[in-house]
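Read off the chains here:
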Amino acid sequence: MSLVQTFKNIWTIEELRKRILVTLLLVLVYRLGCYVVLPGISPSDIDALANFTNKSGLMQLLDMFSGGAFSQASIFALGIMPYITASIVIQLCGMILPSFQKMQREGESGRQKLNQYTRYLTVLILVLQAPAYLVNLQMQVNGAANAHVMSFGLWTYIYLTIILAAGSMFIMWLGERITDRGIGNGISFIILVGIIARLPGALFYEFTSRLPGTTGSQGGLVMFIVEIILLFAVTVGAVLLVQGTRKVPVQYAKRIVGNRQYGGARQYIPLKVNAAGVMPIIFAQAIMFIPVSLAGFRGGETGFLHAFTDINSFWYNVVFFILIVAFTYFYTAITVRPNDMAENLKRNNGFIPGVKPGKKTAEYLDDIMSRITLPGSLFLGIVAILPAFARFFGISQNFAQFFGGTSLLILVGVVLDTLQQVESHLMMHHYDGLMKDGKIKGRTTGQAY
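This one's a predicted model, so the numbers in the text were calculated from it and none came from an experiment.

1. Details of the overall build of the protein
1) Next: Along the protein, the regular secondary structure elements total 19 helices and 5 strands.
2) Next: Counting the 449 residues in the protein, one finds 48% classified as buried.
3) Next: For the protein, long-range pairs separated by at least 24 residues make up 71% of all intrachain contacts whose partners lie at least 6 apart in sequence.
4) Next: Total accessible area computed for the protein in this model is approximately 22500 Å², and 64% of it derives from carbon and sulfur atoms.

2. Brief notes about the pairing of strand S1 (residues 245-252)
1) Next: Inspection of the sheet shows S1 paired to strand S4 (residues 266-272) by 7 bridges, in the antiparallel sense. For Pro-249, the partnering residue across the bridge sits in S4 and is Tyr-268.
2) Next: Here S1 pairs with strand S5 (residues 350-351) via 2 bridges, running antiparallel. By the bridge assignment for S5, Tyr-252 is matched with Gly-350.

3. Details of the packing of helix H5 (residues 81-96) against helix H11 (residues 279-288)
1) Next: Remark: H5 packs on H11, axes separated minimally by 10 Å, with the N-to-C direction vectors making an angle of 105 degrees. By the angle between their directions, the pair H5 and H11 is classed as roughly perpendicular. Across from Ile-84, Thr-85, Ile-88 and Gln-91 in H5, the residues of H11 making contact are Met-279, Ile-282, Phe-283 and Ala-286.
2) Next: Its residues assigned to classes, the contact of H5 with H11 comprises 6 nonpolar, 2 polar and no charged.

4. Some words on helix H15 (residues 338-347)
Every α-helical turn comprises 3.6 residues, leaving residues that sit three or four positions apart pointing alike.
1) Next: Inspection of H15 places Pro-338, Ala-342 and Leu-345 among the buried residues, and these make up the whole buried set. Down the axis of H15, the sector holding all buried residues measures 60 degrees, keeping them to one side. More than 90 degrees from the buried face of H15, the exposed residues found are Asn-339 and Arg-347.
2) Next: Buried residues in H15 make contact with S1, S4, S5 and helix H16 (359-384).
3) Next: Downstream of H15 by one or two residues, Asn-349 has phi in the positive range, about 60 degrees.

5. Brief notes about the packing of aromatic side chains
1) Next: On inspection of all chains with the given rule, the structure shows 7 aromatic pairs.
2) Next: Summarising the aromatic geometry, the rings of Phe-170 and Trp-173 are spaced 5.8 Å apart at their centres and angled 20 degrees between planes, so their arrangement reads as stacked. Taken together, the residues span about one helical turn, with Phe-170 and Trp-173 both in helix H8 (residues 154-181) at a distance of 3 residues.
3) Next: Every member of this aromatic cluster is reached through a ring pair, and the members are Tyr-30, Phe-76, Phe-170 and Trp-173.

6. Some details on the nonpolar core
1) Next: By size, the foremost hydrophobic cluster in this structure holds 58 residues, and its most contacted members are Tyr-30, Ile-80, Ile-84, Phe-320, Leu-409 and Ile-410.
2) Next: Those residues in contact with Ile-80, other than ones at most four positions away along the chain, are Ile-171, Met-172, Ile-187, Ile-190 and Ile-191.
3) Next: Of all hydrophobic cores here, the second largest spans 18 residues; its members include Ile-41, Leu-126, Ala-130 and Leu-134.

7. Some remarks on the sheet that holds S1
1) Next: Across the sheet, which stays open at both edges, the 3 strands sit in the order S4-S1-S5 with antiparallel pairing between neighbours. Edge strands, defined here as strands with exactly one partner in the open sheet, are S4 and S5.
2) Next: Where H15 meets the sheet, its contacts fall on S1, S4 and S5, and the angle it forms with S4 comes to roughly 170 degrees.

8. Description of the confidence of the model for the protein
1) Next: Taken residue by residue, the protein gives an average pLDDT of 78. The fraction at 70 or more is 80%.
2) Next: Segment residues 444-448: pLDDT under 50, and 11 contacts once partners within four positions in sequence are set aside and those in other chains are kept.

9. Topic: the side chain of Thr-418
1) Next: On the secondary structure map, Thr-418 appears in helix H19 (residues 405-428).
2) Next: Here the side chain of Thr-418 touches Val-414 through a polar contact of 2.9 Å, landing on its backbone oxygen.
3) Next: Apart from residues lying up to four places away in sequence, Thr-418 is in contact with Ile-183, Gly-184 and Phe-189.

10. Considerations on the pattern of salt bridges
1) Next: All told, the structure shown has 4 salt bridges when counted by the stated rule.
2) Next: For Arg-119, the salt bridge is made with Glu-176, and the minimal N-O distance between the two is 2.8 Å. Note that Arg-119 is positioned in helix H7 (residues 108-143) and Glu-176 in helix H8, a separation of 57 residues in sequence.
3) Next: The closest approach of N and O atoms between Arg-177 and Asp-180, which form a salt bridge, is 2.8 Å. Of this pair, Arg-177 and Asp-180 both sit in helix H8, 3 residues apart, which is roughly one turn of that helix.
4) Next: According to the relative accessible area criterion, Asp-180 is partly exposed, its value standing at 46%.

11. With respect to a nonpolar patch on the surface
1) Next: On the surface, Leu-25, Leu-28, Val-29, Leu-32, Phe-170 and Trp-173 cluster together into a nonpolar patch covering about 560 Å² of accessible area.
2) Next: For the nonpolar patch, the secondary structure elements donating two or more residues are helix H2 (14-33) and H8.
3) Next: Counting residues per element, the nonpolar patch draws most heavily on H2, which supplies 4 residues.

The rules behind the values
- Residues numbered from 1 in each chain as written.
- Predicted model: local features only at pLDDT ≥ 70, side-chain atom pairs only at ≥ 80, totals over all residues.
- Heavy atoms only, no water.
- Helix = DSSP H or I, 4+ residues; strand = E, 2+ residues; numbered from the N terminus.
- Buried < 20%, exposed > 50% of the residue type's maximum accessible area, 1.4 Å probe, protein only.
- Contact = heavy atoms within 4.5 Å.
- Areas by Shrake-Rupley, 256 points an atom, 1.4 Å probe, with all protein chains shown as cover.
- Pairing = 2+ DSSP bridges.
- Axes fitted to C-alpha atoms, helices over the stretch in contact; angles between N-to-C directions.
- Parallel < 35°, antiparallel > 145°, perpendicular 65-115°, else oblique.
- Nonpolar A, V, L, I, M, F, W, Y, C, P; charged D, E, K, R; others polar.
- Arc of directions from axis to C-beta.
- Phe/Tyr/Trp six-rings, centres within 6.5 Å; stacked < 30°, edge-to-face > 60°.
- Core = buried A, V, L, I, M, F, W, Y, C linked by side-chain atoms within 4.5 Å.
- pLDDT = per-residue confidence, 0-100.
- Polar contact = N/O pair within 3.5 Å; in protein donor to acceptor, adjacent residues only side chain to side chain.
- Salt bridge = Lys/Arg side-chain N within 4 Å of Asp/Glu carboxyl O.
- Patch = residues over 30% accessible without salt bridge, like charges linked within 9 Å, V, L, I, M, F, W, Y side chains within 5 Å.

Given below as structure tokens:
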């Protein structure tokens, strides 16, 4: 009954209701676009590409992020990943180039300039990735037995590249509209929708493959139930990773202004175990997509490239794990600034008990972040490579991608962020939140994805 009342409260708030309806409408537009096929592509061509995608683990991952558009040869085939890659590059420039650092400190005007540069870079990346996708499409179609011979001329490459680039830019625009007029972070929500769209089919396939009498069936329905229980346990672990914090006590000095006393309260600084959120996964995944693009231009996957295009291979997961740990430290250093935190505490007459204000406080906070980031990054890396272990124990490729990994971490993080925004609207209008025992905590404030 409480759940029903919560939904009634959500529908009662006019602003929240409009935002949810706008989000659903824009998501519907995105899902419809995923099935609009590129000009000149026949059903047999799509079947050839889909068969190749099902055999290649990394291609399945690309297909998941695009919501199935990759294997459908859709106008949205490249998805939102080029924009995310461009965002990563711009953030790296903010760490290296003084001009970008200056724009980061200029507030809203600087943010708009950086967003514009990100869009320009997205177009450049699309111009490189779209031909690679078309080369791969042509190679897979010509290699299939029942498909006709496909041969793209120069002008065909040009206008299909323009269509693919326009499709990805339109997805980016949809994400920005969801952020402005909908609920949640739009880019994150686009990724979430692409992941969830693949879940029902993967779950049904795994269930039917475990039925007695099915070719290759192992363990039966008991094994399927065990898989669901383990998936639930991994999901709980991912939630704990996203919400885990280390509370640092802060004491504020008392001040007497007139006849009133200010300060003197004891509060806490919540330092997240995984302050970087899902960004290390996206950073690392974007780097691991490079071999796919190179393989597309080379016309095949051989030797070194093949080892890094198989998401179940040993070296792929080792490099992926190391990149996640490295990017966790890197992004934490960007988002969590102990010097700024120490300065703000000093300015507001706050101090950590037993620690001198100023430089000593910054060093103390930096030491804590270093200690809690290590186990957080290791756990994040382990969860990210769990699908490879799931495949080792006989779980199908489609379902194994939800058994931890990028998809689960993004799903948990985005769902928590979205629920947190819904709860904030409820609390603002004096309704009860979504949970009885405390508020929902999302990821780090201001996280992009």
